[in-house]
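# Examining the three-dimensional arrangement
So the chains spell out like this:
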Amino acid sequence: MALKISVIGTGYLGATHAACMSSLGFEVVGVDVDTSKITSLNAGKIPFYEPGLEELLAQEVQSGRLTFSSDFNAIKDCDVHFICVGTPQVKDGLAADLTYVNGALDSIAKIIKDGSLVVGKSTVPVGTAAALRERLLKINPKLDLAWNPEFLREGFAVEDTLKPNRLVVGVANSKAEETLKQVYAKSLSEQTPWVVADLPTSELVKVAANSFLATKISFINAMAEICEAAGGDVTVLAKAIGYDPRIGNKFLQAGIGFGGGCLPKDIRAFMARAQELGAEQAVEFLREIDSINMRARARVIELVRKDLSDDLRGKKIAVLGAAFKPDSDDVRDSPALDIAVQIQAAGANVIVHDPKAMPNAQKKFPVLKFADSIEKCVEGAELVLHLTEWKIYREINPAALIKLVKNPILIDGRNALDRSEWQKAGWHVRALGRSDTAI
Ligand code: UDX
């Protein structure tokens, strides 16, 4: 008989997982304590922007296979329960806040039927899964718990869930593995690598992967600093080292660095957990990775200051981009917004544009001003900052835009615009890690 699946927590990860599992033919129930989210999801609407997800969700809700409820009893007869709640950074330290994960387990443990499997997907400090499993089995020894980290990227969430580049399952026994094989039968039939691990290894895979990605980005941003000091060009350097298949050319885009709801908090939580385990030296380098990342934001601000004679007061600065990355409306720990706010605090008259993230940015930083078109944003600007590499910014005609600004100064914080095109049109272009940028 086909498995029935529940998803606990219907935020970014949960809503995506629920819609994707339903699209594979499973009956899926999503539950959340947030009733407004449930109402919106049942109407086929997602409360955030993710390409392709809303269409898929609406189609699955329509099919009748996918339902959402704020009543946890709705998951009673499901066979597999995916925990997809958030693990944000605690307010007073570097560690991850496990309140929601613990709360989710407590809410379902006494409700779910014997023989069912709880599967954690949230990113948690190593050791959490084993502790949760022990707690669950104490409540009902006829249940089991496995871990199955997600690696989905915002902007590619549906694709990454339906066509993952690997599936990792942390299990304590083979029955749990067999159940998960049924859930992921389609991916397995498409030869997706299947990695079976113990619980702690499966938790570590996620933070290790994100630490590696963060390290790659900070590595190239460190090289950008050296290029500036030595008169080199980091974009050429990245291209050249990227041809080595051992290095690869991905995640070597130098600029204002990483942000978002995962990379920054995950490396910090990893450091905090390593310290608890007495192994802090092993990940001490992550502190430097974090510092290089934060420094990239500061370096752009220094460039702005340099270009505006060290006095930002009253100067109109146009900021293109607010999301932490393109194809997302997520502004959590967004380097772009962080820079915008700091420049504004230094007295500049900052106007921000973003194709999708303006409502979220406005909610978070009501002090900032926003423009609903690129043209309005740059009108009369003394400097233009390109901080999130949306496609529409690469499609700008620099010759047309130059007519609207006061000073044709562009700082490309993502090294993503065609510098020679902009220069040809008369712009003075600066970018992190390129020879004419020395601070
Ligand atoms: C990340 C991981 O990639 C994903 O596997 C995990 O499940 C969740 O965290 P995401 O937060 O969606 O995904 O963003 P990602 O695409 O990894 O980008 C993170 C940040 O790094 C963005 O701010 C992006 O702009 C920045 N970045 C990325 C760079 O500055 N340079 C690069 O070369 C690549």
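Residues numbered from 1 in each chain as written. Predicted model: local features only at pLDDT ≥ 70, side-chain atom pairs only at ≥ 80, totals over all residues. Heavy atoms only, no water.

## Focus: unusual backbone geometry
- Unlike most non-glycine residues, Ser309 shows phi in positive territory, near 50°.
- Secondary-structure assignment places Ser309 in the loop between helix 12 (285–307) and strand 9 (316–320).
- At Asp310, a residue that is not glycine, the phi angle is positive and equals roughly 60°.
- Mapped onto the secondary structure, Asp310 falls in the loop between helix 12 and strand 9.
- Under the relative-accessibility criterion, Asp310 is labelled exposed at 53%. (Helix = DSSP H or I, 4+ residues; strand = E, 2+ residues; numbered from the N terminus. Buried < 20%, exposed > 50% of the residue type's maximum accessible area, 1.4 Å probe, protein only.)

## Quick look at the site of the ligand
- The environment of the ligand is made up of 20 residues, and the closest members are Phe151, Glu154, Gln253, Phe324 and Lys325.
- A distance of 2.8 Å is found between an oxygen atom of the ligand and a backbone nitrogen or oxygen belonging to Gln253.
- Between Lys325 and the ligand, the recorded distance is 2.8 Å, taken from a side-chain N or O atom to an oxygen atom.
- Taken by itself the ligand offers 660 Å² of open surface, and the protein chains cover 93% of this.
- In the shell around the ligand, the residues fall into 10 nonpolar, 4 polar and 6 charged.
- When residues of the shell around the ligand are sorted by domain, at least three fall in each of domain 1 (4–196) and domain 2 (211–431). (Near = heavy atom within 4 Å. Polar contact = N/O pair within 3.5 Å; in protein donor to acceptor, adjacent residues only side chain to side chain. Areas by Shrake-Rupley, 256 points an atom, 1.4 Å probe, with all protein chains shown as cover. Nonpolar A, V, L, I, M, F, W, Y, C, P; charged D, E, K, R; others polar. Domains from an automatic or database assignment.)

## Quick notes on the pairing of strand 2 (residues 27–31)
- Of all 5 residues that make up strand 2, 4 are buried, and the element is covered over most of its length.
- With 5 bridges joining them, strand 1 (residues 4–8) and strand 2 adopt parallel strand pairing. Of the residues in strand 2, the one forming a bridge with Ile8 is Val31.
- After leaving strand 1, the chain enters helix 1 (residues 12–23) and then returns to the sheet as strand 2, a path that is right-handed.
- As defined by bridge partners, strand 2 adjoins strand 3 (residues 66–69) across 4 bridges and the pair is classed as parallel. Across the sheet, the residue bridging to Val28 is Leu66, located in strand 3. (Pairing = 2+ DSSP bridges. Right-handed = clockwise from strand over helix to strand, strands pointing away.)

## Here we look at the nonpolar core
- In terms of nonpolar packing, the biggest core is built from 50 residues, with Val304, Ile343, Val384 and Leu385 touching the most fellow members.
- Of all the secondary-structure elements, those providing two or more residues to this core are helix 12, strand 9, helix 13 (335–345), strand 10 (349–353), helix 14 (358–364), helix 15 (374–378), strand 12 (383–386) and strand 13 (409–412).
- Among the elements that take part in this core, helix 13 stands out by supplying 5 residues, more than any other.
- Non-local contacts of Val304, meaning those with residues more than four positions away in its chain, are made with Leu312, Ile317, Ile343, Leu383, Leu385 and Ile411.
- Counting residues in hydrophobic clusters, the runner-up holds 39 residues, among them Val7, Ala15, Ala146 and Val171. (Core = buried A, V, L, I, M, F, W, Y, C linked by side-chain atoms within 4.5 Å. Contact = heavy atoms within 4.5 Å.)

## Focus: the packing of helix 9 (residues 199–230) against helix 12
- Interhelical geometry of helix 9 versus helix 12 gives an angle of 50° and a closest axis separation of 9 Å. Taken together, the axis directions place helix 9 and helix 12 in an arrangement best described as oblique. Read as a crossing pair, helix 9 and helix 12 show a hand that is left-handed. Where helix 9 approaches helix 12, its residues Ser211, Ala214, Thr215, Ser218, Asn221, Ala222, Ala224, Glu225 and Glu228 are matched on the opposing element by Phe285, Leu286, Ile289, Ile292, Asn293, Arg295, Ala296 and Arg299.
- When its residues are assigned to classes, the contact of helix 9 with helix 12 shows 8 nonpolar, 5 polar and 4 charged. (Axes fitted to C-alpha atoms, helices over the stretch in contact; angles between N-to-C directions. Parallel < 35°, antiparallel > 145°, perpendicular 65-115°, else oblique. Left-handed = near helix turned anticlockwise from the far one by under 90°.)

## A short note on the pattern of salt bridges
- Counted according to the given criterion, the structure contains 33 salt bridges.
- A salt bridge links Asp144 to Arg133; the shortest N-O distance between them is 2.7 Å. Of this pair, Asp144 sits in strand 6 (residues 144–147) while Arg133 is found in helix 5 (residues 128–139), placing the two residues 11 residues apart along the sequence. In this structure, Asp144 and Arg133 share a single accessibility class: buried.
- Glu225 is the salt-bridge partner of Arg295, the closest N and O atoms lying 3.1 Å from each other. Placement of the pair is Arg295 in helix 12 and Glu225 in helix 9, with a sequence separation of 70 residues. (Salt bridge = Lys/Arg side-chain N within 4 Å of Asp/Glu carboxyl O.)

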